[in-house]
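Chains, contacts and geometry: an overview
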Amino acid sequence: MAEAVVLHPSLRLVGRPLPRHDARDKVAAATAYAADWGMPGMLQATVLRSPYASARIVKLDTGRAAAMPGVAAVLTAKDVPRNTLATDVPGQTTAVGPLRATLHVLATERVRHQGEPVALVAAETLEQARAAAEAIEVQYEPLPGVFDPEAALAPGAPRVHEAGNLLAHWRIARGDSAAAFARAAVIVEGEYTTQFVDAAYLEPESGVAWIDSDGVITIRVSTQVIEHFRDVAEVLQIPQNRVRVIGPYLGGGFGGKEDVTVEVYLGLLALRTGRPVKMVWTRQESLLARAKRHPYRMRYRTGASASGEIVAEQIDLLADAGAYAYLSALVLLYSTVTAAGPYRVPAVEVEARCAYTNNPPTSAMRGFGAMQTVFAYESQMDRIGRALGLDPVEIRRMNALRRGDSLPVGQVLETHVAMPELAERVWAALGPVRPARAAHVKVGRGLACNLQPYGRIVWLHDWSSAWVGFEMDGSLVVRCGVPDVGGGQASSLCQIAAEVLGVGLEQVSVHIGDSALTPLAGTTTASRQLYMSGNAVLKAARELRAQLLAVAAPMLGVKDSALDLLEGAVVADGGRSLPVPDVLRRCAREGVPRSHLAVYHAPAGEPVDLATGSGKVFPDYTFGAHAAEVEIDMETGAVRLVKYVAAHDVGRAINPQSVEGQIQGGAVQGLGGGLLEEVILEEGINLTTSFASYLIPTAADVPDVEALVVESGEGLGPFNARGIGEPPIGPPAAAVANAIADATGVRLTRLPLTPERLARALGLLGKAG
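Residues numbered from 1 in each chain as written. Predicted model: local features only at pLDDT ≥ 70, side-chain atom pairs only at ≥ 80, totals over all residues. Heavy atoms only, no water.

1. Describing the nonpolar core
Within soluble globular proteins, side chains that are nonpolar generally end up buried alongside one another. Membership of the largest hydrophobic core comes to 111 residues, with the highest contact counts inside it found for Y300, L317, I457, V617, Y644, V736 and L753. Top element by residues in this core is helix 17 (residues 732–744). It accounts for 8 residues. Excluding residues that lie within four positions of it along the chain, L317 makes contacts with Y296, R297, M298, Y300, S335, T336, A339, V350, E351, A352, R353 and T373. Residues A490, L501, Y531 and V580 belong to the second largest nonpolar core, which totals 54 residues. (Core = buried A, V, L, I, M, F, W, Y, C linked by side-chain atoms within 4.5 Å. Buried < 20%, exposed > 50% of the residue type's maximum accessible area, 1.4 Å probe, protein only. Helix = DSSP H or I, 4+ residues; strand = E, 2+ residues; numbered from the N terminus. Contact = heavy atoms within 4.5 Å.)

Structure, rendered in structure tokens:
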């Protein structure tokens, strides 16, 4: 019924750059972080971690620590009811078996990476907890480790896990690549390397847990997944309805809070002590122990015709999974599907593997495997263009995917592909080339494009739910379990509901991120929340609108198709109107609901055989293009970013201000990974555990990012929006690398693109390394 309800032809709120509903409180520092929460009688907790990357635990004695003043609990693996966290991916199997990621809550006989949790301590003060953790007696027997994925897959390598070091293997084969390469006029080969990167979110992992008056373990935690209440319940071996997870409005995540962080530890300690418990990791602890972005080694061989069309590609991907599986197999799947980029490649072979090592674990981070490959395929496109004398826009224009084309995996693109126009727009937006400021400075420009899936893999049968209801005075309430750690998802939901139901944004209140009190909405990952929860709110609001108009129609003596909801009133074609509260009172008398709970189910599919290219993997894709202008100091190798432009087809911008923020923020984060950021390891030992050594970009490092919001009007989200949370992080590293090559003639193939690496490549510091 609701789908037939016609909305007002000119949108009132959707498409307007409105301030977020929570902006004032955040600016005024009135919004509480997870770490700001406190309760009377609260204990402080800490984690004892392994200093070794690979070792056997010979002895673990907590007696002295448990007897120290103020100590309420000391827990080791033997105290955990179920000491395993597991993640299954329904219906999908790699070449090495079903996708099932498991790890220990606390280490048992062996530690496999530096920072692996060994014990938990809760005490009256944080100082007492840390002193007790230091008093725990642990004897380790160091074991041989393996710290490179290539070495991990070699015969005779030390085994990280008994089943072997190969975690996952995906393969795509399409067309006759041997014959296509034989016809190619030019063949370009390259090896590209990306690094370990930390999410470096604003708030480190933190939370507070307590047992409420009903005996429910309640955990207020900075997370992207309130559904982790199920994981906590499984570990504690209690019913899932005895655990509640609440997410605050800020803290940042970027994928790093998709996995369980402090939730299980807090649940264990609250259950053991019966008291409120707080755990806040230091920045050093977060940088040391949390899962990172996967480093990749990518080998590309690309053939093109004399006119520039790509005819064949051979791609070999190898990722470092670190010590535990986490989401590595899925990250690798994203890389495999997107490895050829937003281009038509009639013959392609992709071999993709990820291996266990004794490095820190790797898992989800913004871009989720689809961003590492951008550095490789966009470097290849630039090199082919240069070999054939084609400019960066032209080589991409002639090879760009179009609607109706299929990806190497066999998925047909069913919505608009804005690739050529995006590349043209960002290149034109750079304007005239700036003259060099000095004789030793060279200026260069680079272009990079990408495609990024939004929404989860179709065989996961994703869904999200939302409740929308009117109060009797005409004010509106939205309830949705979306975690919003700063991305602005909650405000977008308000804007959608207010648009459909004809109220001002100031009349809408929203309740989010509570596993007990808000309808579950799934993870804030995969650029899915606007798509999924936005559609759930849209569905609920349309149903509620239909219910109200059906009641209002006889009150006004017209058909409901002749009615609209505007500015808190039901308005008829002739200008007559009724205040919404009047209609709500009639609804109450007639027993018509004044609210609606809706569930949105994403388009679903069955698992595909990647090797045969048999079908759909993701719901849809967002396309983008970025352009960079750089100045290179030829005496030092220093790179100065002068201008940066980023364009993405977002389908429809629900809130252009938020969309611009996502594009700018994603681009800056991508530039950080391209130019500065690297977790440096030495035999598995992390040498970058502070922001003094792990460098993230500041305002002085990047220019203002010019965001071009392109609206094709085609997308699967509400009002035809596309996901935009992840796509902007993909192109920056490649755009800058291509600009450096344009300025200097030197091609850097390893990230980050540091002055030292460029200086070596220019011969200023001896041989390139």
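2. A word on unusual backbone geometry
In this structure, the amide linkage connecting L751 to the following residue, P752, adopts the cis form with an omega of 0°. Topologically, P752 is positioned in the loop between helix 17 and helix 18 (755–761). In this model, E683 sits at a positive phi of 55°, which is unusual for a non-glycine residue. Within the fold, E683 resides in the loop between strand 28 (681–682) and strand 29 (685–686).

3. Description of the packing of aromatic side chains
Taken as a whole and judged by the stated rule, the model has 9 aromatic pairs. An angle of 50° between the planes, with centres 5.2 Å apart, marks the rings of Y52 and Y140 as tilted. With Y52 in the loop between strand 1 (43–49) and strand 2 (55–61) and Y140 in strand 8 (residues 137–142), this pair connects stretches of sequence that are 88 residues apart. Given the relative accessible area of 17%, Y140 is considered buried. Geometrically, the ring pair formed by Y454 and Y531 is edge-to-face, given 5.6 Å between the ring centres and 90° between the ring planes. Here Y454 is found in strand 18 (residues 441–454), whereas its partner Y531 is found in helix 14 (residues 529–556), with 77 residues between them in sequence. Owing to a relative accessible area of 0%, Y454 belongs among the buried residues under this scheme. For Y531, a relative accessible area of 2% puts it in the buried group. The cationic tip of R479 hangs over the ring face of W467; the distance from NZ or CZ to the ring centre is 4.6 Å. (Phe/Tyr/Trp six-rings, centres within 6.5 Å; stacked < 30°, edge-to-face > 60°. Lys NZ or Arg CZ within 6 Å of the ring centre and 35° of its normal.)

4. Concerning the domain arrangement of the chain
Domains assigned within the chain are domain 1 (21–31 + 463–601) and domain 2 (416–457 + 614–769). Of note, the centres of domain 1 and domain 2, computed from C-alpha atoms alone, are 37 Å apart. Between domain 1 and domain 2, the residue contacts involve 16 residues of the former and 18 residues of the latter. Taken together, both faces of the contact between domain 1 and domain 2 bury some 1,300 Å²; the carbon and sulfur share is 63%. Considering only the surface of domain 1 that becomes buried against domain 2, S527, L530 and Y531 emerge as the three largest contributors, covering 42% of it. (Domains from an automatic or database assignment. Buried area = accessible area lost by both parts, 1.4 Å probe.)

5. Some words on the environment of T362
Looking at the element boundaries, T362 is found in the loop between strand 17 (347–356) and helix 10 (372–388). Since its relative accessible area comes to 0%, T362 is described here as buried. Residues T362 and T84, 278 residues apart in the sequence, show an inter-C-alpha distance of 18 Å. With residues near it in sequence (within four places) discarded, T362 still touches F196, A291, K292, R293, H294, P295, D320, A321, G322, A325, Y326 and S328. Only 3.0 Å separates the side chain of T362 from the side chain of H294, close enough to count as a polar contact. Only 3.1 Å separates the side chain of T362 from the backbone oxygen of A321, close enough to count as a polar contact. (Polar contact = N/O pair within 3.5 Å; in protein donor to acceptor, adjacent residues only side chain to side chain.)

6. Side note on the sheet that holds strand 6 (residues 110–111)
Strand order in this open sheet of 3 strands is 6-2-8, and the pairing throughout is antiparallel. In this open sheet, the two strands that pair with only one neighbour each are strand 6 and strand 8. One ladder, built from 2 bridges, connects strand 2 with strand 6; its direction is antiparallel. The residue of strand 6 that forms the bridge with A55 is V111. (Pairing = 2+ DSSP bridges.)

7. Points about the pattern of salt bridges
A full pass over the atoms with the stated rule returns 39 salt bridges. Here D79 makes a salt bridge to R272, at a shortest N to O gap of 3.7 Å. Highlighted residues: D79 in the loop between strand 3 (71–75) and strand 4 (84–94) and R272 in helix 7 (residues 263–273), separated in sequence by 193 residues. Since its relative accessible area comes to 46%, R272 is described here as partly exposed. Of the charged contacts, one joins E714 and R403 as a salt bridge, the two residues approaching to 2.6 Å between their closest N and O atoms. With E714 in the loop between strand 30 (705–710) and helix 17 and R403 in the loop between helix 11 (392–399) and helix 12 (419–429), this pair connects stretches of sequence that are 311 residues apart. Assessed through its relative accessible area of 23%, E714 is described here as partly exposed. Among the residues examined, R403 registers a relative accessible area of 44% and is labelled partly exposed. Look at the salt bridges and you will find they share partners, linking E150, E191, R297, R299, D316 and R353 into a network. (Salt bridge = Lys/Arg side-chain N within 4 Å of Asp/Glu carboxyl O.)

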